[in-house]
Amino acid sequence: MRDVCIIGVGMNDWGELWDLSLRTIWTQAALAALADAGVDKVDAMTVGCMSGGLFVGQEHLGALLADELGMAGIPATRVESACASGGVALRTGFLEVASGLADVVLVTGVEKMTDCSNDEATAALATAADQEWEVFPGATFPGLYAMMARAHMAAFGTTREQMAMVAVKNHANGIHNPHAQYRRAVTVDEVLNGTMVADPLTVLSCSPITDGAAAVVLSDKETARRLAKGRPLVRIAGVGLATDRMALHNRADLTALNAVTAAAQKAYAMAGVTPEAIQVAEVHDCFTIAEIMIIEALGFVPRGQGGPATAAGETGLGGRIPVNPSGGLKSKGHPVGATGVAQAVEVTLQLRGEAGARQVAGARIGLTQNMGGTGASSVVHVLEVIP
Amino acid sequence: MTTPSAARLTREYPARYRLEGARCLACGEILYPRRLVCPACGAREFAVHRLSSHGVVKTFTVIHVAGSAFKHQVPYILAVVALEGGGTLTCELTDLVDQQPEIGMPVELQFRRIQEDGEAGVIAYGHKAVPR
Ligand SMILES: [Zn+2]
């Protein structure tokens, strides 16, 4: 396999963008990434999107968006793995460059979630769970994560306050991200006393509904060197994708995210690193409990210690392993198909030293972790600066 | 979108109405509902297995914000129930009187109305857990 580098990154300002369409926000992000890379042509394109069909009634996004970018003719396709669509689109682009099929690939993610009603958006998101055996008897997405939270609390003594600290930390980070949807601090009390969604998860324990897009440009190492303009070269050193039993009730251990662990192990092995080597991580905090379970599954902290480690500040900016300096899904927003690509945008900026007030000093190796459903799909990338 | 069609409900009758699952003849895994390949061992030969209606709560939540089909029911308790002799499912936990839901709570499955109205005006039935 050839080395694959990230040579350009871009995203639009995320939020409830009633005045902008899916194709417009997507094009904004794509143009930003192409400009950052210094290229105006690509060999191929991928689009991570969970459900253009349900959110805006539009499928066939590969052709639509290539056309929108003035690039009708190139190979372009949409990639779907629920909320992991963006991360899986990145892996798809990686494979195209690594295999030699393409030299320059535009990897994108997009979701336009506010054109439909809240009920329709909730129903669309619920299609990432088992419709027949989870959603039919009454499950909602927050409900499924709430049941994981309950199991984690019972098994390890994880507290509501520890979970709330995930939201507090990520909102504190998001203040420094100009693209974030909610650039404001929240307190533990605000999280705990917010409207209950699914006990123990309150509204501030959940990531928001967001319109947003993100893009990265990938290339082989030689092309990347030619276009580097003196900037640090960021290589995708490891890639891992794994699946788990789809329905939560079919998993033997409700407190573990086995697909996250399996995807991480693949990515670590390919990159030749251990979890201790990771200096900055963007992870899928769709709900506060998710980040606690993910940092355990990635091996950043021992099983059951995600809550205490978060409360102790280990994952804060300046902590032992800063997690979600971008603000994470909680503060930055969660346009589901765009999230996995935006994670790569953030870690690339961190490794280039261009993350401004949220910069993790001296970061040379970072990780992204994106997942779909209740963790039935997870994709992990290890990124590193190379000479 | 979440309300099932009449055809789908009919397909799901054996599992939903009779708690009919399958037992893998190779490894003994209990599947609910039945499927064509055993997720535990990959075998494809099964015997029909009627699930026990007795089980315990593995985890639960109280849902306060629900999808459109369940809006009129909030707040309601949702649980993962592990059944005696094998099989797990997600279902509502109901009929609690002066009692808080708990992990480990012994429950019994009862046949109840699940959704008021499907796409074709069909009422969807299935099982809910009640304390025992
Ligand atoms: Zn078997």
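Criteria and cut-off values
Residues numbered from 1 in each chain as written. Chains lettered and ligands numbered in written order. Predicted model: local features only at pLDDT ≥ 70, side-chain atom pairs only at ≥ 80, totals over all residues. Heavy atoms only, no water. Helix = DSSP H or I, 4+ residues; strand = E, 2+ residues; numbered from the N terminus. Rg over C-alpha atoms; globule rule 2.2 N^0.38 Å. Buried < 20%, exposed > 50% of the residue type's maximum accessible area, 1.4 Å probe, protein only. Areas by Shrake-Rupley, 256 points an atom, 1.4 Å probe, with all protein chains shown as cover. Contact = heavy atoms within 4.5 Å. Lys, Arg positive; Asp, Glu negative; His and termini not counted. Charge placed at Lys NZ, Arg CZ, Asp CG, Glu CD. Core = buried A, V, L, I, M, F, W, Y, C linked by side-chain atoms within 4.5 Å. Buried area = accessible area lost by both parts, 1.4 Å probe. Salt bridge = Lys/Arg side-chain N within 4 Å of Asp/Glu carboxyl O. Polar contact = N/O pair within 3.5 Å; in protein donor to acceptor, adjacent residues only side chain to side chain. Nonpolar A, V, L, I, M, F, W, Y, C, P; charged D, E, K, R; others polar. Pairing = 2+ DSSP bridges. Donors = N, O, S within 2.8 Å, 3.2 Å for Na, K, Ca; no water.

S.K.: Quick one: what's the story with the overall build of chain B, residue by residue and with numbers?
M.R.: Scanning chain B from terminus to terminus reveals two helices and eight strands. Mapped from its N terminus to its C terminus, chain B presents α and β elements in the order α-α-β-β-β-β-β-β-β-β. At 16 Å, chain B has a C-alpha radius of gyration in line with the 14 Å of a compact globule built from 132 residues. With the C-alpha coordinates aligned to their principal axes, the bounding extent of chain B is approximately 45 × 40 × 20 Å. Here chain B holds 132 residues, and 44% of them are scored as buried. Taken as a whole, chain B presents about 6,400 Å² of accessible surface, with 50% of it coming from carbon and sulfur.

S.K.: How would you explain the overall build of chain A if you had to name every residue and give the values?
M.R.: A tally of helices and strands in chain A yields 15 helices and 11 strands. Against the globule reference of 21 Å for 387 residues, chain A gives a C-alpha radius of gyration of 19 Å, in line with a compact fold. Overall size of chain A, expressed as C-alpha extent along the three principal axes, is 55 × 45 × 35 Å. A separation threshold of at least 6 residues defines the contact pool for chain A, and within that pool the share at least 24 residues apart is 78%. By element, 52% of the accessible surface of chain A is carried by carbon and sulfur atoms, the whole surface being about 12,200 Å². Separation of charge centres in chain A, based on 27 positive and 38 negative side chains, amounts to 6 Å.

S.K.: I'd love a proper account of the nonpolar core, names of residues and values included.
M.R.: Residues and elements named next belong to chain A. With 78 residues, the main nonpolar core has Tyr145, Ile278, Leu298, Phe300 and Val382 as its most contacted residues. With nine residues, helix 7 (residues 141–156) is the largest single contributor of residues to this core. Setting aside residues no more than four positions away along its own chain, Leu298 makes contact with Val260, Ala264, Tyr268, Pro275, Val283, Leu367, Gln369 and Val380.

S.K.: Outline the interface of chain A and chain B, supporting the account with residue identities and numerical values.
M.R.: Contacts between the two partners involve 29 residues from chain A, matched on the other side by 39 residues from chain B. Summed over both sides, the interface between chain A and chain B buries roughly 2,900 Å², with carbon and sulfur atoms accounting for 63% of that surface. Summed over the three residues of chain A that lose the most area to chain B, namely Trp133, Phe136 and Met147 of chain A, the buried surface amounts to 28% of that side. At the boundary of chain A and chain B, one finds one salt bridge. Residues Lys71 of chain B and Asp119 of chain A are paired through a salt bridge, measuring 2.6 Å at the closest nitrogen-oxygen approach. Along the contact surface separating chain A from chain B lie 11 residue pairs in polar contact (both at pLDDT 80 or more). Of all elements in the fold, only helix 5 (118–126), helix 6 (131–135), helix 7 and strand 5 (196–198) of chain A reach the threshold of two or more residues within the side of chain A that touches chain B. At six residues, the largest contribution of residues to the side of chain A that touches chain B is made by helix 7 of chain A. Looking at the side of chain A that touches chain B, its residues break down into 16 nonpolar, six polar and seven charged.

S.K.: Tell me what's going on with the sheet that holds strand 1 (residues 20–24) of chain B, and back it up with residues and numbers.
M.R.: Residue and element names in this part refer to chain B. Taken in spatial order, the three strands of this open sheet run 2-1-3, and their pairing is antiparallel. Bordering the open sheet on either side are strand 2 (30–31) and strand 3 (46–50), each of which pairs with just one other strand. Pairing of strand 1 with strand 2 involves two bridges; the strand directions are antiparallel. Bridge pairing in strand 2 places Arg23 opposite Ile30.

S.K.: Can you lay out the coordination of the zinc ion for me, pointing to particular residues and giving the numbers?
M.R.: Bound to the zinc ion on the protein side are Cys24 of chain B (SG), Cys27 of chain B (SG), Cys38 of chain B (SG) and Cys41 of chain B (SG), at distances that span 2.3 to 2.4 Å. In this structure Cys27 of chain B comes out as partly exposed when scored by relative accessible area, which is 39%.

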